[in-house]
Amino acid sequence: MIVPSQPPDLASKLPAARALWFTEQGRCAILDEHLPALTGGDLLVRTLYSGISRGTEATVFQGLVPHSEYERMRAPFMAGSFPFPVKYGYCAVGEVLDGEAELVGARVFCLHPHQDYFVVPKTAVTVLPEGLAPERAVLAANMETALNVVWDAEIRPGDRVAVFGAGVVGALTAHLAAGVPGTEMLLVDPDLERASLANGLGLSFVAPNGLDGEFDVLINASGASAALSLAIDHAGLEGRIVEASWYGERQATLSLGGAFHSRRLSIKSSQVGHVSTSQQPRWPLSRRLSKALDLLADSRLDALISGETAFSDLQDIYPRILHATSTLCHRVRYE
């Protein structure tokens, strides 16, 4: 249930906020924070929902961010430093309580950690499209990632496409790819329970041992190097293979024998921090996030929310959320 907003004059006097911090490897706590005074162009936002991006947050929570990636892995408005203590997250939806008059009362998305109230520049928020439920808008960052993956994969009408990994990013990537006219789209995952998710999104599903034939485009969003090897095995001549997983400090073993060279295959990485050179001049982050929110209009995407927890309970249940293989996007509710 959404609690009615406090009047702006009261909201601006809030002395503290509460945020989830990763205090040490595998441990977290909700800690009080002082909110800075608003200056020109700042907004005070009351969080309605945030989303747990399980793959990346698990890597940070377990202290598996490589030292070489400390700077590149910093999220907007992250506090602390890697490995610990650190405040991390990037899927927040809230309501503007104070600041720019034309934005007060607006529902917005922000790349912000799990925190009940926060102050950010107005340029850091994206207003939700009319009619988009804030409950679903927590998927915006994942949708932006999926959009970038599709760009990197250069999917064309008529392509035969396989996406490995029916997690949030994999399912969203498959959802977008299936919308390209004439594509034959397969979502591949060893968890047969994900077949119902695929069916709900109108996607064809197959277990890895049931994959057959050659594909024009193969995308690995599973976080498993075995899936990348399988993608190589099923790539057609000069097929496009995109690695969208991030392994942190985990090692990936890959066989480049067999037909890898004779089929003239290549593997391209996709990472949302940078977009392809063909898109970069016209697609700043603000435009990408706006488009990601537009792409969330389909109510079938609610199936990617696998659970919900009150923010006040988050420090106790957070490790279990990350550990559960059934977790897709777990939504956090603020009261």
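Presented here is a report on the structure given in the accompanying data block. Bear in mind the structure is a predicted one, so any value in this text is a computation, not a measurement.

Rules used throughout
The residue count restarts for each chain, going from 1 along the sequence in the order it is written. A pLDDT threshold of at least 70 governs which residues receive local features in this predicted model, and a stricter bar of 80 or more applies before side-chain atom pairs are shown or counted, although totals over entire chains, interfaces and linings include all residues. Water and hydrogen atoms were dropped before computing side-chain values, which therefore reflect all heavy atoms in the structure. We define a salt bridge as a side-chain nitrogen of Lys or Arg found within 4 Å of a carboxyl oxygen belonging to Asp or Glu. Helix and strand assignments come from DSSP, with helices taken as H or I runs of at least 4 residues and strands as E runs of at least 2, each series counted from the N terminus. Categorising residues by exposure relies on relative accessible area from a 1.4 Å probe, with only protein chains included: less than 20% of the type maximum marks a residue as buried, more than 50% marks it as exposed, and the intermediate range marks it as partly exposed. Strand pairing requires that DSSP identify at least two bridges connecting the strands. Simply put, an axis is a line fit to the C-alpha atoms, just over the touching stretch for a helix, and the angle between two N-to-C directions goes from 0 to 180 degrees. Note on contacts: a residue pair is in contact if any heavy atoms of the two residues lie within 4.5 Å. Of the two site types, the cavity is a set of points on a 1 Å grid over the protein atoms alone where a 1.4 Å probe fits but cannot get out, and the pocket is an open set with protein on both sides within 12 Å along at least five of seven lines, each lined by residues with an atom within 4 Å of a point. Grid points are joined across faces, edges and corners, and a volume is the space filled by probe spheres set on the points. Residue type decides the class: Asp, Glu, Lys and Arg count as charged, Ala, Val, Leu, Ile, Met, Phe, Trp, Tyr, Cys and Pro as nonpolar, and the leftover types, Gly among them, as polar.

## Considerations on the pattern of salt bridges
Summed over the entire model, instances satisfying the criterion amount to 17 salt bridges. For Glu100, the salt bridge is made with Lys122, and the minimal N-O distance between the two is 3.7 Å. One end of the pair, Glu100, is in the loop between strand S6 (92–98) and strand S7 (107–110); the other, Lys122, is in the loop between strand S8 (117–121) and strand S9 (125–127), and 22 residues separate them in sequence. The exposure class assigned to Lys122 is partly exposed, which follows from its relative accessible area of 36%. For Glu154, the salt bridge identified is with Arg156, shortest N-O distance 3.5 Å. Residue Arg156 is classed as partly exposed on the basis of its relative accessible area, which comes to 42%. In this structure, a network of salt bridges that share partners links the residues Glu308, Arg331, Arg333 and Glu335.

## Points about the sheet that holds strand S12 (residues 204–206)
Pairing is parallel in the open sheet, where six strands are placed in the order S12-S11-S10-S13-S14-S15. Two strands bound the open sheet, and with one partner strand each, they are S12 and strand S15 (266–269). Each adjacent strand pair in this sheet contributes to an overall mean axis angle of 25°, direction not counted. As judged from the five bridges shared by strand S10 (residues 160–164) and strand S11 (residues 184–188), these two strands associate in the parallel manner. Across the sheet, the residue bridging to Phe164 is Val188, located in S11. Strands strand S13 (215–220), strand S14 (235–243) and S15 of the sheet are contacted by helix H4 (residues 140–153), whose axis makes an angle of about 155° with S14.

## Structural notes on the layout of surface pockets
Of the pockets and cavities examined, the second largest pocket occupies roughly 160 Å³. What lines the second largest pocket is Pro76, Phe77, Leu111, Thr123, Ala124, Val125, Thr126, Leu285, Ser286, Leu289 and Ser290. Of all the secondary-structure elements, those providing two or more residues to the lining of the second largest pocket are S9 and helix H8 (285–294). Ranked by the residues each element gives to the lining of the second largest pocket, the list is headed by H8, at four residues. Of the residues assigned to the lining of the second largest pocket, the class counts are seven nonpolar, four polar and no charged.

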